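Results of the structural survey
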Amino acid sequence: MDDRHLKEYKFEVNNKEFETTESELLGAQIKTIASVPAGYQLFLEVPGEKKEDRLIADGDRVDLSLPGKQKLYTVPPATFG
C-alpha cells in the first residue's frame, strides 16, 4: 500500500494538534499519543449550548472521520480531603 494515499485525521487534546491515519481511536490510544498521565480522565467536547461533554473511557471509540476536528481535553484525578 502506498503511504501517500492514506488519509490523515486530525484531533486535538488540550489544544495541541495530533494526526493519525486511523479513522477511529480508542480512548487509551488517544491518551498514549497525547502522553496523558495515568489516572487522568479524557473528555470529548460536544459543541453547542446545553450540551454535556462526553467522558471517553479507555475502551471507548472516538470517530475522527466526523466533520470538523475532534477536540478533547483531560481532567486530573480529583482529590478529596
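Residues numbered from 1 in each chain as written. Predicted model: local features only at pLDDT ≥ 70, side-chain atom pairs only at ≥ 80, totals over all residues. Heavy atoms only, no water.

The subject of this paragraph is the pattern of salt bridges. Scanning the entire structure with this criterion turns up six salt bridges. A salt bridge links Arg61 to Glu24, with the shortest nitrogen-to-oxygen separation between them at 3.7 Å. Taken together, the residues Arg61 in strand β6 (residues 61–63) and Glu24 in strand β3 (residues 24–26) connect sequence positions 37 residues apart. With relative accessibility at 52%, the residue Arg61 sits in the exposed group. Note that Asp58 is salt-bridged to Lys31, the shortest N-O span being 3.0 Å. Linking Asp58 in the loop between β5 (54–56) and β6 with Lys31 in helix α1 (residues 27–33), this pair joins segments that are 27 residues apart in sequence. Residue class for Asp58 comes out partly exposed when judged on its relative accessible area of 41%. (Salt bridge = Lys/Arg side-chain N within 4 Å of Asp/Glu carboxyl O. Helix = DSSP H or I, 4+ residues; strand = E, 2+ residues; numbered from the N terminus. Buried < 20%, exposed > 50% of the residue type's maximum accessible area, 1.4 Å probe, protein only.)

Tracing the backbone through its elements, the reader meets Thr20 in strand β2 (residues 16–20). Within the structure, Thr20 has its side chain in polar contact with the backbone nitrogen of Glu22 (distance 3.1 Å). (Polar contact = N/O pair within 3.5 Å; in protein donor to acceptor, adjacent residues only side chain to side chain.)

What follows is about the packing of aromatic side chains. In total, this model carries two aromatic pairs according to the counting rule given. With a centroid separation of 5.7 Å and an interplanar angle of 25 degrees, the aromatic rings of Phe11 and Phe18 are classed as stacked. Looking at Phe18, the relative accessible area reads 13%, which means it is buried. With a centroid separation of 5.5 Å and 10 degrees between ring planes, the pair formed by Phe43 and Tyr73 is classed as stacked. In this pair, Phe43 is assigned in strand β4 (residues 41–44) and Tyr73 in strand β7 (residues 70–75), connecting sequence segments 30 residues apart. For Tyr73, a relative accessible area of 24% translates into the label partly exposed. One Lys or Arg, Lys7, reaches over the ring of Tyr9 and ends 5.3 Å from the middle of that ring. (Phe/Tyr/Trp six-rings, centres within 6.5 Å; stacked < 30°, edge-to-face > 60°. Lys NZ or Arg CZ within 6 Å of the ring centre and 35° of its normal.)

This part covers the sheet that holds β5. Each strand in a sheet pairs with its neighbour through backbone hydrogen bonds, running either in the same direction (parallel) or in the opposite one (antiparallel). Here five strands make up an open sheet; going across it, the order is β2-β1-β7-β4-β5 and the pairing mixed. The outermost strands of the open sheet, each flanked by one partner alone, are β2 and β5. Strand-to-strand twist of the sheet, defined as the mean angle between neighbouring strand axes without regard to direction, takes the value 35 degrees. Pairing analysis gives five bridges linking strand β1 (residues 9–13) to β2, with the strands arranged antiparallel. Along β2, the bridge assignment pairs Lys10 with Glu19. (Pairing = 2+ DSSP bridges. Axes fitted to C-alpha atoms, helices over the stretch in contact; angles between N-to-C directions.)

A few words now on unusual backbone geometry. Positive phi, normally seen in glycine, also occurs at Asn15, with a value near 65 degrees. You can see Asn15 is positioned in the loop between β1 and β2. Taking relative accessible area as the criterion, Asn15 reaches 70% and is therefore assigned exposed.

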